[in-house]
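One letter stands for each residue in the lines below.
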Amino acid sequence: MKFKFFFLTTFLIFTTLFISCVSVQVKDNTVSTISSEIKKPKNIILLIGDGMGLSEVSTAIYYKDGNPNFERFHTIGLSKTSSASDLITDSAAGATVFSTGVKTYNGAIGVDKDTIPMPTIVEQLSKRGLSTGIVATSSIQHATPASFYAHVKSRRMYEEITEFAPNSGVNFFAGGGLKFFNKRKDGKDLLAEMKANGYKVTTDQLPQAPVEQKELILLAEDGMPKMSEGRGDFLPNATKLALEKLSKNEKGFFLIVEGSQIDWGGHDNDADYLIGELLDFDKTLGVALDFAKQNGETLIIVTADHETGGFTLASDGSDYNKIKPSFSTPGHSATMVPVFAEGPGATLFNGIYESNEIYHKMMALFDK
Ligand SMILES: [Zn+2]
């Protein structure tokens, strides 16, 4: 045991020394440039498990047949999730940190704490000629996906959020949210506007293969069905389709995939719901990891905006051989959330840092 400890300590010291040799230059507490010794990726896939803390991730260990894809990652960090307004973030502020790099108030979509619109990573990369994609099991107007292409002062402004879609430049949308395009209070037909802006619109089922045009795939009026209600392999398959499409761009791509309903299971304090969604997310990680392994130029980052439910894998009383999944709140919690990274640039995601650092690390890796 002592030997093991010595070995581990030595290993950690050497790792630390090695990392500081190729260290990141930090300015204003954010990553501005990175050492040329760190290999940069051409593509980044950011997978967000909404409400996914360490206990949620741990369900993949205990409730999945076979090895969780989470175990395929070699770099692990921890993210501090507080927002600018509250100790405990909501999903809007929690996603705006990833999309714009600023900590903002709860409810904010792509705007800073003074409601000033901030350029998102999707908008910036799109301008540079990279392809971008957004996949979610919520509506595409829900807080997390919306924060990557819209700028509104409140997450509840679903119709206003939708108005950003036609000119978003996003090459691939897949999720729910049809009613905000074609059953609007203002009577506008935003599907027609999407088509006029070059989008192929699909509302019946996930296509088998991507098309040349930009794509808008909306398979539910609002959120997609739960796994337990027959969603099937929408998330892994939409991710696969997105990768097939976006990887055709020589300049690279940025894809966001959200397992939106892990959070909803947490809010409902429904362990079966949560676990079903988490396992679907784990399966989706497999698709991303297999793609990246073959591609060789893709960085995968997996994290959460916050934890939901104060979820824990508690013992059932004194029976230590029985797990009783338990919740401590119907809301979110302040616990740090894990960050998993694999691929070129992954080592940047070691350590403990503020959630908005993830944006700055990604942008530094995209800067050539
Ligand atoms: Zn959330």
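All figures in this text were calculated on a predicted structure; none of them were measured in a lab. (Residues numbered from 1 in each chain as written. Predicted model: local features only at pLDDT ≥ 70, side-chain atom pairs only at ≥ 80, totals over all residues. Heavy atoms only, no water.)

> Quick question: what am I supposed to make of the environment of Ile 217 here?
Within the secondary structure, Ile 217 is located in strand E8 (residues 214-218). A relative accessible area of 0% places Ile 217 in the buried class. Expressed as a C-alpha distance, the spacing of Ile 217 and Gln 205, which sit 12 residues apart in the sequence, is 8.1 Å. (Helix = DSSP H or I, 4+ residues; strand = E, 2+ residues; numbered from the N terminus. Buried < 20%, exposed > 50% of the residue type's maximum accessible area, 1.4 Å probe, protein only.)

> Where do I start with the sheet that holds strand E10 (residues 298-303) in this structure?
In a beta sheet, neighbouring strands are held together by backbone hydrogen bonds and run either parallel or antiparallel to one another. With mixed pairing, 10 strands are arranged side by side in an open sheet as E7-E8-E6-E5-E9-E3-E10-E15-E4-E16. In this open sheet, the two strands that pair with only one neighbour each are strand E7 (199-202) and strand E16 (351-354). Neighbour-to-neighbour, the strand axes of this sheet turn through a mean angle of 15 degrees, independent of strand direction. Two strands pair when backbone bridges link them, and strand E4 (residues 75-80) and strand E15 (residues 337-342) are joined in this way by 5 bridges, in the antiparallel orientation. In the strand pairing of E15, Ser 79 is matched with Val 337. (Pairing = 2+ DSSP bridges. Axes fitted to C-alpha atoms, helices over the stretch in contact; angles between N-to-C directions.)

> It is not clear to me how the packing of aromatic side chains should be interpreted in this structure. Could you clarify?
Aromatic ring pairs are defined here through the distance separating the ring centres and the angle between the ring planes. If you walk through the whole model with that rule in mind, you get 10 aromatic pairs. On the numbers, 6.4 Å between centres and 45 degrees between planes, the contact of Phe 70 with Phe 281 is tilted. Residue Phe 70 is located in the loop between helix H2 (54-63) and E4, and its partner Phe 281 is located in helix H11 (residues 271-295); the two are separated by 211 residues in the primary sequence. Side by side, Phe 70 and Phe 281 carry an identical accessibility label, which is buried. (Phe/Tyr/Trp six-rings, centres within 6.5 Å; stacked < 30°, edge-to-face > 60°.)

> How do you make sense of helix H9 (residues 234-246) when you look at a structure like this?
Spacing of three or four residues puts side chains on the same side of an α-helix, whose turn is 3.6 residues. Given a rise of 1.5 Å per residue, 13 residues ought to cover 18 Å, and the 18 Å separating the end C-alpha atoms of H9 matches this to within 8%. Burial analysis of H9 places 10 of its 13 residues in the buried class, which makes it a mostly covered element. Along H9, the positions that sit buried rather than exposed are Phe 234, Leu 235, Pro 236, Ala 238, Thr 239, Leu 241, Ala 242, Leu 243, Lys 245 and Leu 246. Those residues of H9 that are buried are in contact with strand E3 (43-49), strand E5 (131-139), strand E6 (172-176), E8, strand E9 (253-259) and H11. (Expected span 1.5 Å × (residues − 1). Contact = heavy atoms within 4.5 Å.)

> Help me understand the UniProt feature "binding site: Zn(2+)" (unreviewed entry) in the chain, please; the structure alone is not making it clear to me.
According to UniProt, the positions carrying the feature "binding site: Zn(2+)" (unreviewed entry) are Asp 50, Asp 263, His 267, Asp 305 and His 306. In terms of the greatest pairwise C-alpha distance, the residues named above, spread along 257 residues, form a tight cluster of at most 14.3 Å across. On the secondary structure map, Asp 50 appears in the loop between E3 and H2. Ignoring anything within four residues of it in the chain, the contact list for Asp 50 reads Ser 91, Thr 144, Glu 258, Gly 259, Ser 260, Ile 262, Asp 263, Asp 305 and His 306. Within the structure, Asp 50 has its side chain in polar contact with the side chain of Ser 91 (distance 3.3 Å). Position of His 267 among the secondary structure elements: in helix H10 (residues 262-267). Overall, the relative accessible area of 30% leaves His 267 in the partly exposed class. Leave out the neighbours within four places in its chain, and His 267 touches Thr 308, Pro 330, Gly 331 and His 332. (UniProt positions renumbered as here; feature names shortened; annotations may be inferred. Polar contact = N/O pair within 3.5 Å; in protein donor to acceptor, adjacent residues only side chain to side chain.)

> What is the right way to read the coordination of the zinc ion from this model?
When four donors bind a metal tetrahedrally, each ideal donor-metal-donor angle is 109.5 degrees, and when six bind octahedrally, the ideal angles are 90 or 180 degrees. The coordination sphere of the zinc ion, as far as protein atoms go, consists of Asp 50 (OD), Asp 50 (OD), Ser 91 (OG), Asp 305 (OD) and His 306 (NE2), spread over 1.8 to 2.7 Å. Along the chain, the residues that donate to the zinc ion are spaced as D-x40-S-x213-D-H. You can see Ser 91 sitting in helix H3 (residues 91-100) and its partner Asp 305 sitting in the loop between E10 and strand E11 (307-308), a full 214 residues away along the chain. This pair shows no difference in class: Ser 91 is buried, exactly as Asp 305 is. (Donors = N, O, S within 2.8 Å, 3.2 Å for Na, K, Ca; no water.)

> What am I meant to see in the pairing of E9 here?
Note on strand geometry: in a regular strand, side chains alternate between the two faces of the sheet. Judged by how many residues are buried, E9 sits mostly within the fold: 7 of 7 residues are covered. Burial along E9 is two-sided: Phe 253, Leu 255, Val 257 and Gly 259 and Phe 254, Ile 256 and Glu 258, pointing in opposite directions, are all buried. Note: E3 against E9, 6 bridges, orientation parallel. Within the sheet, the bridge partner assigned to Ile 48 lies in E9 and is Glu 258.

> What exactly am I supposed to notice about the UniProt feature "binding site: Mg(2+)" (unreviewed entry) in the chain here?
In the UniProt entry, the feature "binding site: Mg(2+)" (unreviewed entry) is given for Asp 50, His 142, Thr 144 and Glu 258. Spatially, the listed residues are clustered: although they cover 209 residues, their C-alpha atoms lie within 11.3 Å of one another. Residue classification places Asp 50 among the buried residues on the basis of a relative accessible area of 3%. Mapped onto the elements, Thr 144 comes out in helix H5 (residues 143-146). Among the residues examined, Thr 144 registers a relative accessible area of 1% and is labelled buried. The contact partners of Thr 144, leaving out residues within four places of it in the chain, are Ile 48, Asp 50, Ser 91, Ala 95, Glu 258 and Asp 305.

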